[in-house]
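# Structure at a glance
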Amino acid sequence: MKHWCCMLMACMATCGTAEVALAAGNLEPGPSPQQVVPGVWMIPGGMRADRQPDGNSVVFDAPAGLVVVDTGRHAWHRRAIEDLARARKQPIVVIVNTHWHLDHVSGNQLLRAAYPGSRVYASNAIEEALQGFLAKSAADAAGYLADTTIPATMREDIRGDLSTVQAGDALKPDIVIKASGVMTLAGRKLTINLARDAVTAGDVWLFDPENRLVVLGDLVTLPAPFLDTACPDAWSAALREVAKTDFTTAIPGHGPVLNRAQFALYERTFASFIGCANSTRSQSDCATEWADAVQPLMNGGDDRAQALGLAAYYVEMLRAHDGRSEYCNAQRASTYSPGASHRGL
């Protein structure tokens, strides 16, 4: 979950007023699947006005059914996944969570109910999160819900997130990914990689060798890196591991599909941004440098304003906690190593 205060401070001023009806039965339209390569679709996430974000989802065709990577936050995002499954006339048999942030896992429970034979694969980082970050967010919820200056749509999302956290056991994986290696999911062979202590305590990213495609979760996010639970040094190291992979197409956790050169630009810009945050340069300079550098990677519109607001927020956050998030302790920050090779997970 990205902190509600972050979204409120950095996004509301740039997103405008939500044009959302909360009347019962008035369903917001969902995103349309984008075919990335034959047999692989991205269901785009996004930041709607006065709403918490949804992360991108990725759907793989496989011999035994569909493999879904990340399930979004909102009902409209989950419905888009289900609509694609119905259009393909295939069941969802595997769900892979790249990490535990609620904009990537909140759809798990209802998708599993709709497809009771499905199995969830993820790291075990959710265990720590339920005792730490998510517990604190749940405790903070009452104050945000009582604040009538916060838009009704944002408060609706906060209630939804609170409900998801309170059903925390439903977020835990059936199969814990403990190390990197080749796995066969629903009959499709994929390389599953585990990065320790990067965006979270355990981040999963996938390589599809058949299509030379990587699915990166929040190791790549636009319009800004979401650093709420991050160890930036290990995050940079994880990006270097991705760069060693023979891919041509990268699907980020947030933002449009990237080619290899665009990924390289993101990797360089991330390192520069973290360096700026750890320097004596002004918060504004760091945010502007980030927003200018990643502009070619974004869709335009209000993305630059969002990039500036989020980047400025995260510079302040990093400087308040010795260059990392408060959820990255000194031991975590110094123990990064790429996941060891492991087969037959």
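The text that follows walks through the structure, step by step, so that each part is easy to find.

Here is what the cut-offs are and how they apply
Residues numbered from 1 in each chain as written. Predicted model: local features only at pLDDT ≥ 70, side-chain atom pairs only at ≥ 80, totals over all residues. Heavy atoms only, no water. Helix = DSSP H or I, 4+ residues; strand = E, 2+ residues; numbered from the N terminus. Polar contact = N/O pair within 3.5 Å; in protein donor to acceptor, adjacent residues only side chain to side chain. Contact = heavy atoms within 4.5 Å. Pairing = 2+ DSSP bridges. Axes fitted to C-alpha atoms, helices over the stretch in contact; angles between N-to-C directions. Parallel < 35°, antiparallel > 145°, perpendicular 65-115°, else oblique. Left-handed = near helix turned anticlockwise from the far one by under 90°. Nonpolar A, V, L, I, M, F, W, Y, C, P; charged D, E, K, R; others polar. Core = buried A, V, L, I, M, F, W, Y, C linked by side-chain atoms within 4.5 Å. Buried < 20%, exposed > 50% of the residue type's maximum accessible area, 1.4 Å probe, protein only. Phe/Tyr/Trp six-rings, centres within 6.5 Å; stacked < 30°, edge-to-face > 60°. Right-handed = clockwise from strand over helix to strand, strands pointing away.

## Quick notes on the side chain of Asp 157
Within the fold, Asp 157 resides in helix α7 (residues 152–166). Among the polar contacts made by the side chain of Asp 157, one reaches the side chain of Arg 51 at a distance of 2.7 Å. Among all residues touching Asp 157, those that are not within four sequence positions of it are Arg 51, Gln 52 and His 74.

## Details of the sheet that holds strand β9 (residues 188–196)
Strand order in the open sheet formed by six strands is β8-β9-β10-β11-β12-β13, and the pairing between neighbours is mixed. The sheet is open, and its two edges are formed by β8 (181–185) and β13 (258–259), each paired on a single side. Note: strand β10 (residues 202–208) against strand β11 (residues 213–215), three bridges, orientation antiparallel. Each residue of the ladder has a partner; that of Leu 206, found in β11, is Val 215.

## A few points about the packing of helix α10 (residues 283–294) against helix α11 (residues 303–320)
Where α10 meets α11, the closest approach of the two axes is 8 Å, and the angle between their N-to-C directions is 135°. The angle between α10 and α11 falls in the class oblique. α10 and α11 meet at a crossing whose hand is right-handed. Every residue of α11 that contacts α10 at Gln 283, Cys 286, Ala 287, Thr 288, Trp 290, Ala 291 and Asp 292 is listed here: Arg 304, Ala 307, Leu 308, Ala 311, Ala 312, Tyr 313, Val 315, Glu 316 and Arg 319. Here the contact of α10 with α11 is composed, by residue class, of ten nonpolar, two polar and four charged.

## So, the nonpolar core
Formed by 45 residues in total, the largest nonpolar core has its most connected members in Leu 216, Leu 219, Leu 227, Trp 235 and Trp 290. Those elements that place two or more of their residues in this core are β10, α8 (232–243), α9 (260–277), α10 and α11. Setting aside residues up to four positions removed in sequence, Leu 227 forms contacts with Pro 232, Trp 235, Phe 270, Phe 273, Ile 274, Tyr 314, Met 317, Leu 318 and Ser 325. Counting residues in each nonpolar core, the second largest holds 24 residues, with Val 96, Ile 175, Leu 190 and Val 215 among its members.

## Observations regarding the sheet that holds strand β3 (residues 57–62)
Read from one edge to the other, the open sheet built from seven strands follows the order β1-β2-β3-β4-β5-β6-β7, with strand pairing classed as mixed. For this open sheet the edge positions go to β1 (34–37) and β7 (175–176), each flanked by a neighbour on one side alone. In the sheet, β3 pairs with strand β4 (residues 65–69) via five bridges, with the strands oriented antiparallel. Its bridge partner lying in β4, Asp 61 is registered against Leu 66.

## Re the packing of aromatic side chains
Under the definition given, this model contains eight aromatic pairs. On the basis of an interplanar angle of 35° and a centroid distance of 4.8 Å, the ring pair of Trp 235 and Phe 270 is categorised as tilted. Residue Trp 235 is located in helix α8, and its partner Phe 270 is located in helix α9; the two are separated by 35 residues in the primary sequence. Of the two residues, Trp 235 and Phe 270, both sit in the buried class. Plain terms: the ring middles of Phe 247 and Phe 263 are 5.4 Å apart, the flat faces sit at 90° to each other, and that makes the pair edge-to-face.

## Some words on unusual backbone geometry
Of note, the bond from Leu 222 into Pro 223 is cis; its omega dihedral lies within 30 degrees of zero at 20°. On the secondary structure map, Pro 223 appears in the loop between β11 and α8. In this model, Asp 70 sits at a positive phi of 70°, which is unusual for a non-glycine residue. Backbone geometry at Ala 186 places phi at a positive 55°, although glycine is not the residue there. Mapping Ala 186 onto the fold places it in the loop between β8 and β9. Looking at Ala 186, the relative accessible area reads 14%, which means it is buried.

## As for the pairing of β4
Burial analysis of β4 places five of its five residues in the buried class, the great majority of the element. In this antiparallel pair of consecutive strands, β3 and β4, the connection spans two residues. In the sheet, β4 pairs with strand β5 (residues 92–96) via four bridges, with the strands oriented parallel. Bridge pairing in β5 places Val 68 opposite Ile 95. Read as a crossover between parallel neighbours, the route from β4 over helix α2 (residues 75–88) to β5 is right-handed.

## What to know about the pairing of β8
Along β8, the buried face is formed by Gly 181, Met 183 and Leu 185; none of Val 182 and Thr 184, which line the opposite face, is buried. Note that β8 and β9 share five bridges and pair antiparallel. In the strand pairing of β9, Leu 185 is matched with Arg 188.

Distances and angles like these do not, on their own, reveal function.
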